[in-house]
Amino acid sequence: MEIYKASKKHQYVKNHSIEHLFSAPVEEYMEVHEYQRDDWIIQEGTRPDFLYYVVEGKAKIYITHQNGKVSLINFINANEFIGEMELLHDVYYTKGIQASTKTICFALPMHYYRRQLMEDAKFLRELTRFLSVKATQMAMKYTQSLAFPLENRLADFILQTADNGIYKEKHVTVCDYLGVSYRHLLHVLTQFTEKHYLQKDGRKYHIEQYDALKGLSQALKNK
């Protein structure tokens, strides 16, 4: 993880301002953090020191069950918050957040900004909107598993997790997240390679036809 300093920080904040989200300035103590793929932004069970706002990149949310099994439960994309539940609740079991691509976040120290943010009506309205969208997306994920075949859901998953055109998620993680059998997953991946949507390269896949995968993915979004 890299923390931008001096002119690099100033230039990045200037080019990616988030002043519109707040009633009062937050840049004085705000940091800019850069994470590489597979870096942990928040370790599971460890309360974050910052409220993050993702400016670039993507991340994954994991949870460890009582039996030790680790499950992928959701994604985080640009223009979304990380640590909002910890901001709102003094006691909250923190999930693990891991960068799936190069990810750059604005990081607001909670010890300094908590009171200001909890009294900021403009920020709270934005946070409420974000949480409502997040809840709707989680509900849609369940209904999609019933309404759409694996081809559509896997295409969307590949686009969500690919980094620079390369997809390399573990099959067991994908099966767990999408609620499908290992055999069914391999069958659809084979179809994608035969149609030249993907090119297999060892344990990873190169996306060859982005538009074809996007077309399958868009069906989930009713577009």
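Please refer to the structure placed before this passage.
Described below are features of the structure shown in this document.

Basis of the calculations
Residues numbered from 1 in each chain as written. Predicted model: local features only at pLDDT ≥ 70, side-chain atom pairs only at ≥ 80, totals over all residues. Heavy atoms only, no water. Helix = DSSP H or I, 4+ residues; strand = E, 2+ residues; numbered from the N terminus. Buried < 20%, exposed > 50% of the residue type's maximum accessible area, 1.4 Å probe, protein only. Contact = heavy atoms within 4.5 Å. Polar contact = N/O pair within 3.5 Å; in protein donor to acceptor, adjacent residues only side chain to side chain. Pairing = 2+ DSSP bridges.

1. Digging into the environment of Tyr 62
- With respect to the helices, strands and loops of the structure, Tyr 62 is situated in strand β5 (residues 59-64).
- By relative accessible area, Tyr 62 is classed as buried at 11%.
- Separated by 33 residues in the primary sequence, Tyr 62 and Lys 95 have C-alpha atoms spaced 6.0 Å apart.
- Contacts of Tyr 62, omitting those with residues within four sequence positions, involve Trp 40, Glu 44, Val 70, Ser 71, Leu 72, Lys 95, Gly 96, Gln 98 and Glu 169.
- At a separation of 3.4 Å, a polar atom in the side chain of Tyr 62 contacts the side chain of Lys 60.

2. Re the pairing of strand β9 (residues 103-109)
- Burial of β9 is extensive: 7 of the 7 residues sit out of reach of the surface.
- Burial along β9 is two-sided: Thr 103, Cys 105, Ala 107 and Pro 109 and Ile 104, Phe 106 and Leu 108, pointing in opposite directions, are all buried.
- Of the pairings in the sheet, the one linking strand β2 (residues 31-35) to β9 comprises 5 bridges and is antiparallel in character. Within β9, the position partnered with Glu 34 by the bridge is Ile 104.
- Relative to β9, strand β4 (residues 50-56) runs antiparallel, the two sharing 6 bridges. Directly across from Tyr 53, in β9, lies its bridge partner Phe 106.

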